[in-house]
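Chain and residue survey
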Amino acid sequence: MAHPVTPVSPPLKDELDIVIPTIRNLDFLEMWRPFFQPYHLIIVQDGDPTKTIKVPEGFDYELYNRNDVNRVLGPKASCISFKDSACRCFGFLVSKKKYIFTIDDDCFVAKDPSGKEINALAQHIQNVLTPSTPFFFNTLYDPYREGADFVRGYPFSLREGVPTAISHGLWLNIPDYDAPTQLVKPRERNTRYVDAVMTIPKGTLFPMCGMNLAFDRELIGPAMYFGLMGDGQPIGRYDDMWAGWCCKVICDHLSLGVKTGLPYLWHSKASNPFVNLKKEYKGIFWQEEIIPFFQSIVLPKECTTVQNCYLELSKMVKEKLGPVDPYFQKLGDAMVTWIEAWDELNPPAQAAATALPTAVKKDGPTSKSK
């Protein structure tokens, strides 16, 4: 007699939220349905809060617009960007899950070279659940992957690795270029699928793109702040970069890992390079001072939590980058406000039982489960 088949629960089904910033109807979710439907979505609606965003039937989601952000955070809402995809970090703030996967609404399912659809979320989960190796580079890339291992000469004392805090995925089709590169290479498309995941070495910064990103909220969440961008700010399109630089120096300090490579998704449309140039203009030359600043950071040994590290970083930003432009004084203050908001919505475990469940629900979003 045939035994009934026990349904296999998707990995981390109750431990992961998918965060999507958007200004439009989320038809793109239809193609992700086989991969995303079992998970809870947090949709952060940017722009006009009176506009209704349509979400396909059958998804379990919460939708927050700017009115909800203001209601939940009160005066601290000033740290959440408006009219910029940086608003996604509000979703990181209100999530109650251990892991986050965030994706842009112009990112579609990609195919690997054999023509098989790529389950980007499953690959990110594999990346964050296996260790990273930031202290010694393995020439076969990810040693924890099936069919690979540590090569000869790799120290046995380092083979245990460290916990992975961030998994940074890539994109086929439209590459994530800055405006000047877009302008000189308007037709360039990325068709190169590199079947590899690697740990970014300790002491090395990288440009983090937020459109295909997963992270362990408990390990690095308080540093995953996408800064002050967009409406009323002198800069845009550096939100994910800022978060990446801050996270990387904190991961290095706390011996946590950052991986990049697989999974790929299909980035469907190029943004306007002239609009991008206006947003990026100041950032393009500011970053020539920002990068040496991050490269020179040494966090004090007393900083043993992400929050402590981040508050220390905010002081350094104001002190060292403040002279570059008054914007960095404002950004440093917003970093402190962000940590205050994080601690308010994510109290330490012992206080959590009494503190929060009612706060977000009461203040809460449009919540739908269909």
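The structure presented is a predicted model; accordingly, all values stated were derived computationally and were not measured. (Residues numbered from 1 in each chain as written. Predicted model: local features only at pLDDT ≥ 70, side-chain atom pairs only at ≥ 80, totals over all residues. Heavy atoms only, no water.)

Section: the overall build of the chain
Along its length, the chain carries 12 helices and 10 strands. Taking 370 residues into account, the globule formula puts the C-alpha radius of gyration at 21 Å, and the chain, at 20 Å, falls close to it. On the principal axes, the C-alpha backbone points of the chain span a range of 70 × 55 × 55 Å. By the burial criterion, 51% of the 370 residues in the chain qualify as buried. Taking as baseline every contact in the chain between residues at least 6 positions apart, the subset at least 24 positions apart corresponds to 74%. Summed over its atoms, the accessible surface of the chain is roughly 17300 Å², and 56% of this surface lies on carbon and sulfur atoms. Of the side-chain charges in the chain, 40 are positive and 43 negative, and the distance between the mean point of each set is 2 Å. (Helix = DSSP H or I, 4+ residues; strand = E, 2+ residues; numbered from the N terminus. Rg over C-alpha atoms; globule rule 2.2 N^0.38 Å. Buried < 20%, exposed > 50% of the residue type's maximum accessible area, 1.4 Å probe, protein only. Contact = heavy atoms within 4.5 Å. Areas by Shrake-Rupley, 256 points an atom, 1.4 Å probe, with all protein chains shown as cover. Lys, Arg positive; Asp, Glu negative; His and termini not counted. Charge placed at Lys NZ, Arg CZ, Asp CG, Glu CD.)

Focus: the UniProt feature "site: Required for activity" (unreviewed entry) in the chain
UniProt's entry tags Arg152 and Arg159 with the feature "site: Required for activity" (unreviewed entry), counted in the numbering of this structure. Structurally, arginine 152 can be placed in the loop between α4 (120-129) and β6 (164-173). Taking the relative accessible area as the measure of exposure, arginine 152 reaches 84% and is therefore exposed. Position of arginine 159 relative to the elements: it lies in the loop between α4 and β6. Leaving out residues up to four positions away in the same chain, arginine 159 has contacts with Tyr144, Phe150, Val151 and Tyr154. (UniProt positions renumbered as here; feature names shortened; annotations may be inferred.)

Thoughts on the environment of tyrosine 141
Mapping tyrosine 141 onto the fold places it in the loop between α4 and β6. Here tyrosine 141 falls in the partly exposed class, since its relative accessible area comes to 38%. Sequence separation between tyrosine 141 and leucine 158 is 17 residues, and the spatial gap between their C-alpha atoms is 15 Å. With near-sequence residues (within four places) excluded, tyrosine 141 lies in contact with Ala196, Val197 and Met198.

What about the packing of aromatic side chains?
Per the counting criterion, the structure on display carries 22 aromatic pairs. With 5.6 Å between their ring centres and 90 degrees between their planes, tyrosine 144 and phenylalanine 150 make a pair best called edge-to-face. On the basis of relative accessibility, which here comes to 25%, the residue tyrosine 144 falls in the partly exposed class. Between phenylalanine 293 and phenylalanine 294, the aromatic rings sit 5.0 Å apart at their centres with planes inclined by 70 degrees, giving edge-to-face as the arrangement. Residue classification places phenylalanine 293 among the buried residues on the basis of a relative accessible area of 7%. Through a chain of ring-to-ring contacts, three or more aromatic side chains come together here, namely Tyr238, Trp242, Trp245, Trp286, Phe293, Phe294, Tyr327 and Phe328. Above the plane of the ring of phenylalanine 156 lies arginine 159, whose end atom (NZ or CZ) is 3.7 Å from the centre. (Phe/Tyr/Trp six-rings, centres within 6.5 Å; stacked < 30°, edge-to-face > 60°. Lys NZ or Arg CZ within 6 Å of the ring centre and 35° of its normal.)

Regarding the pairing of strand β9 (residues 257-267)
Every regular strand shows the same layout, with side chains that alternate between the two sheet faces. With 10 of its 11 residues buried, β9 lies for the most part within the structure. Examined bridge by bridge, strand β5 (residues 107-108) and β9 share 2 bridges and lie antiparallel to one another. Its bridge partner lying in β9, cysteine 107 is registered against histidine 267. Taken together, the 9 bridges between β6 and β9 define a ladder with parallel strand orientation. Bridge assignment links glycine 169 to a residue of β9, and that residue is glycine 261. Where strand β7 (residues 197-199) lies against β9, 3 bridges are found, and the strand directions are antiparallel. Bridge pairing links methionine 198 to threonine 260 in β9. (Pairing = 2+ DSSP bridges.)

A look at the packing of helix α9 (residues 306-321) against helix α10 (residues 327-345)
With their axes 8 Å apart at the nearest point, α9 and α10 run at an angle of 165 degrees to one another. One way to sum up the angle between α9 and α10 is to call them roughly antiparallel. Handedness of the α9/α10 crossing: left-handed. Residue-level inspection shows Gln307, Tyr310, Leu311, Leu313, Ser314, Val317, Lys318 and Leu321 of α9 in contact with α10, the latter providing Phe328, Gln329, Gly332, Asp333, Met335, Val336, Trp338, Ile339, Trp342 and Asp343. Within the contact of α9 with α10, the residues separate by chemical class into 11 nonpolar, 4 polar and 3 charged. (Axes fitted to C-alpha atoms, helices over the stretch in contact; angles between N-to-C directions. Parallel < 35°, antiparallel > 145°, perpendicular 65-115°, else oblique. Left-handed = near helix turned anticlockwise from the far one by under 90°. Nonpolar A, V, L, I, M, F, W, Y, C, P; charged D, E, K, R; others polar.)

Considerations on the packing of helix α7 (residues 239-254) against helix α8 (residues 273-295)
The interhelical angle for the contact between α7 and α8, taken along N-to-C directions, is 15 degrees, at an axis separation of 10 Å. Relative to α8, α7 is oriented roughly parallel. Here the hand of the crossing between α7 and α8 comes out right-handed. Residues Trp242, Trp245, Cys246 and Val249 of α7 pack against Gln287, Ile290, Ile291 and Phe294 of α8.

Side note on unusual backbone geometry
Backbone torsion omega between leucine 262 and proline 263 reads 10 degrees, so that peptide bond is classified as cis. Relative to the elements of secondary structure, proline 263 occurs in strand β9. Even without a glycine there, the phi angle at serine 255 is positive, about 55 degrees. In this structure, serine 255 sits in the loop between α7 and β9. Residue classification places serine 255 among the partly exposed residues on the basis of a relative accessible area of 31%.

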